[in-house]
Amino acid sequence: MDEITFAVLGTGGIGRRALEVSQHKDALTPVAACDRHGVAVDFDGLDVDELLAATEGNIDSEPRSGSEESSGDEPRDNEVATDGGTGTTAAESGVKQHGEQKGVVASSQARPSEGPIQEIIDHGDRIDAVLLALPNYEHDFIPRTADRFAEGGYAGVMIDVLKRSRVIDMLDDRSDEFEESGITFICGAGATPGLLTGAAALAAQSFVEVTDVDIHWGVGLKSGYEDNRGTVREDIAHLPEYDIETARDLSDAEIEAIIDDHDGVIEFEDMEHADDVLLERAGVCDAEDVTVGGILDVRNDEKPTTTTVRVTGRTFDGETATNTFQLGDETSMEANVNGPALGYLKAGVRRNRAGEYGVFGPADLLPGF
Ligand SMILES: NC(=O)c1ccc[n+]([C@@H]2O[C@H](COP(=O)([O-])OP(=O)(O)OC[C@H]3O[C@@H](n4cnc5c(N)ncnc54)[C@H](O)[C@@H]3O)[C@@H](O)[C@H]2O)c1
């Protein structure tokens, strides 16, 4: 495959690892990366080792203080980040941080920017694919960021690792806009949704009717906890007592208290994960037949349960069976999000180069019905 240049929006827990994993994939050259505070662009290829070393233990993952991005205006690139609205700094609340500048600007390749995403849009003609590793505290943040790329004349691949079902509809609503722009948008392409959605779509091929898809994940995040506070916060939003707004407004201390209350192990049931709508739109089964749950242990690296996908259905010759797919317990969340995300990115580039534009989910890139 010809060389692919790509940009990463968001250099938090996921974005940093995406840059690292890209070094193990053929033909991928990271040429731009940004976070809320700054941007690094180098068309000879970013020095990933330098960027990772400079941002080690120094990521910017506080939620935004306000909700101005939900006002319907253009998403703002730069907003004041506070610690869950409490006004405490990350250092005060115990988040690892070093150096004068936090986040990507700690890298010698990056510089502060008032409009980091806009700078990447402005270079869009030299970027084949854009991976959005951005938070999801406003459901329309990723769709509106995509609008900005379309309006800025971008024609390439955009790919996200978002989790929430309702965002897929917002992206589908933009299908015509993407087709006109020449954008191939791959949505929900991390682990779940993403890798596990793809596994379910493949397992479903044995059946003529799929009655039930059950996804149950296990994540052990002791050593990865500092880097993945953004993901943990978003996971807490899936607990029945919280939603995306209340989780965004929690201070780090409140999050620690929730974790303490659960002795470090939080169990989730019936999560709003987009595996359901992504399987339905690919014709695999009805969204209501898909359930997603999981267990997160932030005090152990060992997974609290084996991540398992069970697809139950009826074969053409009348048998009922369950096909099961399991992840190896040694595979980390970061490996299971970023390997697939970059793999789907490459699949998206093939489609884009063949002139196929619009919105695709992970199951659309696998055998179909
Ligand atoms: N599908 C999956 O399996 C899966 C798994 C884990 C995480 N995720 C998702 O990945 C996303 C990223 O997670 P994370 O842990 O890396 O979060 P994080 O909080 O660590 O990082 C977010 C990054 O986005 C940047 N950012 C925020 N607002 C920005 C703006 N306006 N302009 C530019 N950059 C901005 C931040 O500065 C930070 O670098 C989350 O939405 C999470 O739900 C998906």
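All figures in this text were calculated on a predicted structure; none of them were measured in a lab. (Residues numbered from 1 in each chain as written. Predicted model: local features only at pLDDT ≥ 70, side-chain atom pairs only at ≥ 80, totals over all residues. Heavy atoms only, no water.)

Draft legend 1. Molecular detail of the UniProt feature "active site" (unreviewed entry) in the protein chain. Under the UniProt annotation, the feature "active site" (unreviewed entry) is placed at Lys163, Glu234 and His238. Spanning 76 residues, the named residues nonetheless gather at one spot, since no C-alpha pair among them exceeds 10.5 Å. Assignment of secondary structure puts Lys163 in the loop between strand S6 (157-160) and helix H5 (165-172). Residue contacts for Lys163: discarding those within four places in its chain leaves Thr192, Pro193, Thr231, Asp235, Glu272, His273 and Ala274. There is a polar contact of 3.0 Å between the side chain of Lys163 and the side chain of Asp235. Along the chain, His238 falls in the loop between helix H8 (229-236) and helix H9 (244-248). Since its relative accessible area comes to 12%, His238 is described here as buried. Filtering out sequence-adjacent residues up to four positions away, His238 remains in contact with Arg164, Phe268, Met271, Glu272 and His273. (UniProt positions renumbered as here; feature names shortened; annotations may be inferred. Helix = DSSP H or I, 4+ residues; strand = E, 2+ residues; numbered from the N terminus. Contact = heavy atoms within 4.5 Å. Polar contact = N/O pair within 3.5 Å; in protein donor to acceptor, adjacent residues only side chain to side chain. Buried < 20%, exposed > 50% of the residue type's maximum accessible area, 1.4 Å probe, protein only.)

Draft legend 2. Quick peek at the packing of aromatic side chains. Under the defined criterion, the tally for this structure stands at 3 aromatic pairs. Here the aromatic rings of Phe178 and Phe185 are separated by 5.3 Å at their centres, their planes lie at 10°, and the arrangement is stacked. With respect to burial, Phe178 and Phe185 carry one shared label: buried. When the ring centre of Phe43 is taken as reference, the NZ or CZ atom of Arg126 above it lies at 4.0 Å. (Phe/Tyr/Trp six-rings, centres within 6.5 Å; stacked < 30°, edge-to-face > 60°. Lys NZ or Arg CZ within 6 Å of the ring centre and 35° of its normal.)

Draft legend 3. Broad picture of helix H1 (residues 13-22). In terms of residue burial, H1 counts as a mostly covered element, since 7 of its 10 residues are buried. Among the residues of H1, those classed as buried are Gly13, Ile14, Gly15, Arg16, Ala18, Leu19 and Ser22. On its buried face, H1 is in contact with strand S1 (4-9), strand S2 (28-34), helix H2 (48-55), strand S5 (129-132), H8 and helix H12 (333-353).

Draft legend 4. Looking closely at H8. Among the 8 residues that make up H8, 8 are buried, leaving the element largely enclosed by the rest of the structure. Turning to H8, its buried residues number three or more, namely Arg229, Gly230, Thr231, Val232, Arg233, Glu234, Asp235 and Ile236.

Draft legend 5. The pattern of salt bridges, seen in detail. Scanning the model with the defined rule gives 23 salt bridges in all. When the shortest N-O distance is used, the salt bridge between Asp227 and Arg17 registers 3.6 Å. Note that Asp227 is positioned in the loop between strand S8 (209-220) and H8 and Arg17 in helix H1, a separation of 210 residues in sequence. Measuring nitrogen to oxygen at the nearest pair gives 2.6 Å for the salt bridge that ties Glu272 to Arg166. On the criterion of sequence distance, the pair formed by Glu272 in the loop between strand S9 (265-268) and helix H11 (275-281) and Arg166 in helix H5 is long-range, its members being 106 residues apart. Through salt bridges with shared partners, a single network forms among Arg16, Arg17, Glu20, Glu56 and Asp227. (Salt bridge = Lys/Arg side-chain N within 4 Å of Asp/Glu carboxyl O.)

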